[in-house]
Amino acid sequence: MKTVTTVIIGAGQSGLAMSKHLADRSIDHVLLERGEVANAWRTERWDSLRLLTPNWQSRLPGYAYSGDDPDGYMAMPEVTGFLQSYADTISAPVQTGTTVTSVRQTDGGYNVGTNRGDWRCPTLVLANGACGVAAVPKVADGLPPSVRSMTPLQYRNPRELDTGTVLVVGASATGVQLAQEIQASGRQVILSVGEHVRLPRLYRGRDIKWWMDVTGVMDMHYHEVDDIRRARRVPSLQLVGTPERATLDINTLRDSGVEIVGRLAGLRDGEAMFSGSLGNQCTLADLKMNRLLDTIDEWVSANARNDEFEPPHRFEPTQVATAPRLGMDLADGGVKTVVWATGYRPDYSWLDVPVFDRKGRIRHDGGVVDAPGLYVMGLPFLRRRKSSFIDGAGDDARDLAAHLGASLHRPAA
Amino acid sequence: MTQTTAQTTDTTVNNGVNVEALLGAREALDAAPEAAQFKWRTTCEWVNGTHSRSTIGGFFGLGQEQSRGKFFTVEADHPEVFAAEDNAPTPVEIVLSGLASCLTAGVAAVAQHRGIQLHSVTATIEGDMDIQGILGIDEDVRNGFGTIRVNFDIKADASDEDIKALVAQSQKRSAVFDIVTNPTNVFVTVND
Ligand SMILES: Cc1cc2nc3c(=O)[nH]c(=O)nc-3n(C[C@H](O)[C@H](O)[C@H](O)COP(=O)(O)OP(=O)(O)OC[C@H]3O[C@@H](n4cnc5c(N)ncnc54)[C@H](O)[C@@H]3O)c2cc1C
């Protein structure tokens, strides 16, 4: 059994940013990583994926994008290269090929079991990713065996799919991106749309991510929101990073031939049932987008910077068919594949510490978990709206490293 | 990403909704989800022809039977074009009323929560029905509504966008909207 002050599970941006802040505080630590640095970006993403955050926003403590295309969007090899060179630059003590299989609480700390020996530590940071498991809804149980069920963690490219119709469930970042790519491959896509967050790629000549950054929307702290539980459940943004900097929303998908239907409400006897709430889901998203654009316009005016940007304008409301289809027999409709773009959740199956709420979510206050010396990173709105983004890892790691450092000097209770 | 809307309850706004009590209930029920399990009931007696009378009294909630200490009745019948006596609205009109009432109550509650004073709210609702379905003429026609349209006319101290947001949020949180837009398992039994 090896001993160290802090074990960090996972060497993605969260674990690496924490490593940097612990090193700055001279706290000895190790990162246990089942694959290589940036394993999730290497092995769990589809082939065509690019970041939806622009290059300039790939910022980590003491490190940032330095290429000649700050407004572009990285493809996966660039992301893994970026994180690998960060790990090299900060000399992060990563032990690769090491899978954590159990975590148990002991007197004054934790026993971390791995496939390559055990570790004992007073402090432990869970940086194993918010997206380890595809969250597939209960209705999926009703899928007939003739239809192939796929999650985004398995999907690589449309060529691996049957040529028949593809039902994509979920219209957040993953769902709209996969719907677009699969439709473009010649397969008919039906996109089932529930709650979503619509955003234009560009507004008043700037990237929407630039606006959300300068106006402070991304920096918003979890103490500042009225309903943090709700804020943590808000789905990902309907955005895609392309060289054309194109907007991707329900309107563009409809124009490209994708059939838009309501939220998948049930699957029974080979029949899919879609909710009649599609109109309101789209209205809610349009209203919310316009509130953000109002915030941006107000910020520009308040800072007297109107001359620097294109004039304010609003986008076409989402057009929904007068009578979207409410149900379909999957076999009759030629549906051969269902892709569950219904979100992700973290995998804590090996964490044997009583820190879960009744829905299996980890109980924490801004990343300080409800057990001494235990921390979590990278979850949606953990401490700030940007917490789950590459750009959010640094500030959260700084705050949590400070808390962790202080806890080491506190006499044991 | 969520935009924060003004969530502070303005005490000068009064739509007759006790938002503090509702928010308190939300907190309490989050801690004790068993108490959130409700059962709603009605008992319907046949009167004559297509005329019936439902009686609504107690319900179950907050972990116990809730007696209201009174009963309501809701009657239903069919109009003369259906060769009936037209003693009361049709059940489908009662469904439409239920949807309109649920959305209207939601508008009032959300407005109170967002500090918006309402002056008037009128919901007009219309449902399309092809009665070839209920008459069994065409197997491809469903019995229920094809499309339902709801129109709100709202006078309130708020911008048009804020009023639209009230109506959208009300749909998002409406039980009857969910009931009519999503499938529900219905089990019917008969006593021996
Ligand atoms: C499809 C997709 C697109 C995204 N696009 C963007 C984007 O454009 N911009 C942006 O800022 N964010 C984006 N994100 C969000 C976020 O940046 C990523 O999810 C990112 O991978 C999170 O980094 P992380 O370090 O928190 O976790 P991860 O990158 O998931 O790293 C966790 C690490 O822990 C390791 N691990 C897990 N379990 C164990 C174990 N038991 N033992 C040992 N090691 C383990 C994994 O191998 C992995 O390397 C995207 C997310 C997804 C899913």
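What follows concerns the overall build of chain A. A count of helical and extended segments in chain A gives 9 helices and 28 strands. With the C-alpha coordinates aligned to their principal axes, the bounding extent of chain A is approximately 65 × 60 × 40 Å. Across the 413 residues that make up chain A, the buried fraction comes to 55%. Relative to all contacts within chain A whose residues are 6 or more apart in sequence, the contacts with residues 24 or more apart total 69%. With an accessible surface of roughly 17100 Å², chain A has 49% of that area assigned to carbon and sulfur atoms. Looking at chain A, you have 46 positive and 49 negative side-chain charges, and the mean spots of the two groups are 4 Å apart.

Turning our attention to helix H1 (residues 19–31) of chain B. Helix length check: H1 of chain B, at 13 residues, gives a terminal C-alpha distance of 19 Å against a target of 18 Å (1.5 Å per residue), a fit within 8%. For H1 of chain B, the N-terminal capping position is held by Asn-18 of chain B, with its side-chain oxygen 3.0 Å away from the main-chain nitrogen of Ala-21 of chain B.

In this section: helix H3 (residues 160–172) of chain B. In this model, H3 of chain B (13 residues) spans 19 Å end to end at C-alpha, consistent with the 18 Å of a helix rising 1.5 Å per residue. Among the residues of H3 of chain B, Ile-163, Ala-165, Leu-166, Val-167, Ala-168, Gln-169, Ser-170 and Gln-171 of chain B are the ones counted as buried. Buried-residue contacts for H3 of chain B involve helix H8 (278–302) of chain A together with helix H2 (91–113), strand S6 (118–127), strand S7 (148–156) and helix H4 (175–181) of chain B.

Let us look at the interface of chain A and chain B. Opposite the 33 residues of chain A that make contact, chain B presents 23 residues. With both chains or domains summed, chain A and chain B bury close to 2400 Å², and 53% of this area falls on carbon and sulfur atoms. For chain A, the biggest contributors to the area lost against chain B are Arg-229, Asn-280 and Leu-287 of chain A; these three give 21% of the whole. On inspection of chain A and its partner chain B, the count reaches 4 salt bridges. Residue Asp-30 of chain B pairs with Arg-229 of chain A through a salt bridge whose shortest N-O separation is 2.5 Å. Across the contact surface, chain A and chain B share 6 residue pairs in polar contact (both at pLDDT 80 or more). At the level of elements, helix H6 (228–233), strand S20 (264–268), strand S21 (271–274) and H8 of chain A are the ones that each hand at least two residues to the side of chain A that touches chain B. Split into classes, the residues belonging to the side of chain A that touches chain B amount to 16 nonpolar, 7 polar and 10 charged.

Residues and elements named next belong to chain A. Running from amino to carboxyl end, helix H1 (residues 13–24) crosses helix H9 (residues 393–409) at an angle of 50°, the nearest separation of the two axes being 8 Å. As the angle between them shows, H1 and H9 are arranged oblique. H1 and H9 meet at a crossing whose hand is right-handed. Two secondary-structure elements touch here, H1 through Gln-13, Ser-14, Ala-17, Met-18, His-21 and Leu-22 and H9 through Ala-393, Gly-394, Ala-397, Arg-398, Leu-400, Ala-401 and Leu-404. Here the contact of H1 with H9 is composed, by residue class, of 8 nonpolar, 4 polar and 1 charged.

Right, let's talk about the pattern of salt bridges for a bit. If you walk through the whole model with that rule in mind, you get 34 salt bridges over all chains. A network of salt bridges, in which partner residues are shared, links Asp-219, Arg-383, Arg-384, Lys-386, Asp-395, Asp-396, Arg-398 and Asp-399 of chain A.

Okay, the pairing of strand S10 (residues 123–126) of chain A next. Residues and elements named next belong to chain A. Burial along S10 is two-sided: Thr-123 and Val-125 facing one way and Leu-124 and Leu-126 facing the other are all buried. Sheet topology places strand S2 (residues 6–9) next to S10; 4 bridges connect them, and they run parallel. Note that in S10 the partner of Thr-6 across the bridge is Thr-123. Of the strand pairs in this sheet, S10 and strand S28 (residues 374–376) are connected by 3 bridges, and their pairing is parallel. Bridging across to S28, Leu-124 finds its partner in Leu-374.

All names here are of chain A. What the domain assignment lists for chain A is domain 1 (2–132 + 346–408) and domain 2 (135–340). Look at where the C-alpha atoms of domain 1 and domain 2 centre, and you get two points 28 Å apart. Contacts between domain 1 and domain 2 engage 32 residues on the former and 33 residues on the latter. Carbon and sulfur atoms make up 52% of the surface buried where domain 1 meets domain 2, a total of about 2700 Å² over both sides. It is Trp-46, Leu-52 and Phe-381 that lose the most area in domain 1 upon contact with domain 2, and together they represent 26% of the buried surface on that side. For the interface between domain 1 and domain 2, the tally reads 2 salt bridges. Linking domain 1 with domain 2 are 18 residue pairs in polar contact (both at pLDDT 80 or more).

This prediction gives chain B a mean pLDDT of 91; 94% of its residues lie at or above 70. Note that residues 1–10 of chain B has pLDDT below 50 and, in this model, 34 contacts with residues that lie over four places away or in other chains.

This paragraph deals with unusual backbone geometry. Even without being glycine, Ala-38 of chain A reaches a positive phi, approximately 65°. Among the secondary structure elements, Ala-38 of chain A is positioned in the loop between strand S3 (29–32) and helix H2 (39–43).

Cut-off values and rules
- Residues numbered from 1 in each chain as written.
- Chains lettered and ligands numbered in written order.
- Predicted model: local features only at pLDDT ≥ 70, side-chain atom pairs only at ≥ 80, totals over all residues.
- Heavy atoms only, no water.
- Helix = DSSP H or I, 4+ residues; strand = E, 2+ residues; numbered from the N terminus.
- Buried < 20%, exposed > 50% of the residue type's maximum accessible area, 1.4 Å probe, protein only.
- Contact = heavy atoms within 4.5 Å.
- Areas by Shrake-Rupley, 256 points an atom, 1.4 Å probe, with all protein chains shown as cover.
- Lys, Arg positive; Asp, Glu negative; His and termini not counted.
- Charge placed at Lys NZ, Arg CZ, Asp CG, Glu CD.
- Expected span 1.5 Å × (residues − 1).
- Polar contact = N/O pair within 3.5 Å; in protein donor to acceptor, adjacent residues only side chain to side chain.
- Buried area = accessible area lost by both parts, 1.4 Å probe.
- Salt bridge = Lys/Arg side-chain N within 4 Å of Asp/Glu carboxyl O.
- Nonpolar A, V, L, I, M, F, W, Y, C, P; charged D, E, K, R; others polar.
- Axes fitted to C-alpha atoms, helices over the stretch in contact; angles between N-to-C directions.
- Parallel < 35°, antiparallel > 145°, perpendicular 65-115°, else oblique.
- Left-handed = near helix turned anticlockwise from the far one by under 90°.
- Pairing = 2+ DSSP bridges.
- Domains from an automatic or database assignment.
- pLDDT = per-residue confidence, 0-100.

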